[in-house]
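Examination of the molecular architecture
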Amino acid sequence: MEKYDFENLNGEQWAQLLCEYPEFATECSWEKLGSEDWCWLLSERPEFATHCNWGKIEGYEWSVLLAEQPQFAEYCDWEKLEGWDWSSLLAAMPQFSDKCDWDKLEAEDWDNLLHDQPQFAEMKHRMGI
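So, here is what we can say about the structure in this document. (Residues numbered from 1 in each chain as written. Predicted model: local features only at pLDDT ≥ 70, side-chain atom pairs only at ≥ 80, totals over all residues. Heavy atoms only, no water.)

Some words on the pattern of salt bridges
If you walk through the whole model with that rule in mind, you get three salt bridges. With a shortest N-O distance of 3.3 Å, E47 and R45 are connected by a salt bridge. Here K80 and E58 are joined by a salt bridge, their closest N and O atoms 3.9 Å apart. Taken together, the residues K80 in the loop between α3 (59-68) and α4 (83-92) and E58 in the loop between α2 (35-44) and α3 connect sequence positions 22 residues apart. Owing to a relative accessible area of 21%, K80 belongs among the partly exposed residues under this scheme. (Salt bridge = Lys/Arg side-chain N within 4 Å of Asp/Glu carboxyl O. Helix = DSSP H or I, 4+ residues; strand = E, 2+ residues; numbered from the N terminus. Buried < 20%, exposed > 50% of the residue type's maximum accessible area, 1.4 Å probe, protein only.)

Digging into the nonpolar core
Core analysis: the largest hydrophobic core is formed by 42 residues, its most contacted members being L41, L42, W54, W62, L66 and W102. Those elements giving two or more residues to this core turn out to be α1 (11-20), α2, α3, α4 and α5 (107-116). The element best represented in this core is α1, accounting for five residues. Once residues within four sequence positions are removed from consideration, W102 is found in contact with L90, S97, W110, L113, F120, M123 and M127. (Core = buried A, V, L, I, M, F, W, Y, C linked by side-chain atoms within 4.5 Å. Contact = heavy atoms within 4.5 Å.)

Quick word on the packing of aromatic side chains
Going through the model one piece at a time under the given rule, you end up with 13 aromatic pairs. Taking the centre distance of 6.5 Å and the plane angle of 50° together, the rings of F72 and Y75 count as tilted. Of the residues examined, F72 reaches a relative accessible area of 5% and is grouped as buried. Each residue in the set F6, W14, Y21 and F24 is aromatic and connected to the rest through ring pairs, giving one cluster. (Phe/Tyr/Trp six-rings, centres within 6.5 Å; stacked < 30°, edge-to-face > 60°.)

Next comes the structure, spelled out in structure tokens:
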């Protein structure tokens, strides 16, 4: 049997491979995975969290990942989330509102959030928006 050259795989390819065939984790070059790759992989395969470089995950990917796997909140760098990231995350997971930097939300972010979570209208009113 011919051995495959795993060195040629990029981060996206690693994430795809590991989602389907987690047994190849021992061959993985984890440093190749970027923000989107980690988001996708951990959403599907949270067991790979021990390999994650949490600092690579950006705001939007945090909002997607935490909506799927809220147990990773302890690793989140909340400062990376911008207004749209916050509105998307809170629309799905309002329990993270205590972490939110409300000043980052703009009018369209509020519209997005209030569509799914109208209870935040009071917060918007308190902020004078």
